[in-house]
Amino acid sequence: MSDPNFEKGLEKRRQVMGAEFVERAFAGGPDAFGADFQHFMTSYAWGAVWGREGLPDRERHMLTLAILAALGRERELEGHLRATANTGVTPQDLSDVFHQVAIYAGVPAAISAVGIAKRVLAEREGQQG
């Protein structure tokens, strides 16, 4: 049976996070531990939410980054920071987002997010140079 949200989500997830990221998420095949969770996340987070009409990916990504930073979800924040190259979120956008986080979620959360962003952006520059 076809799952249109899964198909839409798989396409969107690859577009935003990159094909390698998605391949790693589904490593081990459909019977691997966590495969059902990846299917769920792809259908709902990426198909039903990221696949909605309205917000462009750039703005949706900035919201995601702010929420992850505010909640202190550093691992997920790092992955999404790497994916900003795919959604047009610039370093200036990141600075603006983390200023908002500082005011509304707290300076410690923003300091942590800025540190992670510095590392990710430096790694990206090293790969391009």
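Computed from a prediction, not measured in an experiment: that's the story for all the values here.

Undergrad: Describe the overall build of the protein chain, listing the residues and the values that go with them.
TA: Each helix and strand counted, the protein chain has eight helices and zero strands in total. Counting from the amino terminus, the protein chain carries its helices and strands in the arrangement α-α-α-α-α-α-α-α. Relative to the globule expectation of 14 Å for 129 residues, the C-alpha radius of gyration of the protein chain, 15 Å, shows essentially globular dimensions. Considered along the principal axes of its C-alpha atoms, the protein chain spans approximately 45 × 35 × 25 Å. Looking at the 129 residues of the protein chain, the share that counts as buried comes to 36%. Of the charged side chains in the protein chain, 14 are positive and 17 negative, and the gap between their average positions amounts to 3 Å.

Undergrad: I'd like to hear about the packing of helix α1 (residues 4–17) against helix α3 (residues 35–49), residue by residue, with values.
TA: Closest axis-to-axis distance for the α1/α3 pair is 7 Å, and the angle between their directions is 80°. Classified by the angle their axes make, α1 and α3 are roughly perpendicular. Here α1 contributes N5, F6, K8, G9, L10, K12, R13, V16 and M17 to the contact with α3, which in turn contributes Q38, H39, T42, S43, W46, G47 and A48. Of the residues belonging to the contact of α1 with α3, the class tally is six nonpolar, seven polar and three charged.

Undergrad: Describe the side chain of R124, and please don't skip the residues or the numbers.
TA: Mapped onto the fold, R124 is located in helix α8 (residues 107–128). This buried residue, R124, is left without a salt bridge; E125 holds the nearest opposite charge, at 8.3 Å. At a separation of 3.4 Å, a polar atom in the side chain of R124 contacts the main-chain carbonyl oxygen of R82. Not counting chain neighbours up to four residues away, the residues in contact with R124 comprise L81, R82, T84 and A85.

Undergrad: Outline the pattern of salt bridges, supporting the account with residue identities and numerical values.
TA: Oppositely charged side chains are able to pair whenever their charged atoms sit close together. What the rule picks out here adds up to eight salt bridges. Between D57 and K12 there is a salt bridge, with the nearest N and O atoms lying 2.9 Å from each other. In this pair, D57 is assigned in helix α4 (residues 57–71) and K12 in helix α1, connecting sequence segments 45 residues apart. You can call D57 buried: its relative accessible area is 16%. Residue classification places K12 among the buried residues on the basis of a relative accessible area of 16%.

Undergrad: Now, about the nonpolar core: what can you tell me, with residues and values included?
TA: Formed by 18 residues in total, the largest nonpolar core has its most connected members in L65, A69, L77, L81, L94, F98 and V101. Of all elements in the fold, only α4, α5 (74–82), α7 (91–105) and α8 reach the threshold of two or more residues within this core. It is α8 that provides the largest number of residues to this core, a total of seven residues. Sequence-distant contacts of L94, defined by excluding residues within four places in its chain, comprise L65, L81, T84, V89 and L121. The next biggest cluster of nonpolar side chains, apart from the first, holds five residues, and it includes V16, M17, W50 and A83.

What counts and how
- Numbering of residues begins from 1 in every chain and follows the order in which that chain's sequence is written.
- Only residues with pLDDT of 70 or above have their local features reported here, since the model is predicted, and side-chain atom pairs are shown and tallied only from 80 upward, although totals for entire chains, interfaces and linings are computed over all residues.
- Here the side-chain values reflect all heavy atoms present in the structure, with hydrogen atoms and water set aside.
- Counting from the N terminus, the helices are the DSSP runs of H or I reaching at least four residues and the strands are the DSSP runs of E reaching at least two.
- Values of the radius of gyration come from C-alpha atoms, whereas the globule rule sets the reference at 2.2 Å times the count of residues to the power 0.38.
- Exposure categories follow from relative accessible area, calculated using a 1.4 Å probe and restricted to protein chains: below 20% of the type maximum is buried, above 50% is exposed, and the middle band is partly exposed.
- When charges are counted, Lys and Arg are positive and Asp and Glu negative, with His and the chain ends excluded.
- Where a charge lies is defined by one atom per residue type, namely NZ (Lys), CZ (Arg), CG (Asp) and CD (Glu).
- In this description, a line fitted to the C-alpha atoms serves as the axis of each element, helices being fitted only across the stretch in contact, and the angle between N-to-C directions of two axes falls anywhere from 0 to 180 degrees.
- Under this scheme an angle from 65 to 115 degrees is roughly perpendicular, one under 35 degrees roughly parallel, and one over 145 degrees roughly antiparallel; angles in between are oblique.
- The criterion used for residue contact is that any of the two residues' heavy atoms lie within 4.5 Å.
- When residues are sorted by character, Ala, Val, Leu, Ile, Met, Phe, Trp, Tyr, Cys and Pro go into the nonpolar class, Asp, Glu, Lys and Arg into the charged class, and all the rest, Gly among them, into the polar class.
- A pairing counts as a salt bridge when a side-chain nitrogen of Lys or Arg comes within 4 Å of a carboxyl oxygen of Asp or Glu.
- Here a polar contact is recorded for every N or O atom pair within 3.5 Å, except that within protein the pair must consist of a potential hydrogen donor and a potential acceptor, and residues adjacent in sequence are included only if both atoms are side-chain atoms.
- Here the nonpolar core consists of buried residues drawn from Ala, Val, Leu, Ile, Met, Phe, Trp, Tyr and Cys, with membership extended through side-chain atoms lying within 4.5 Å.

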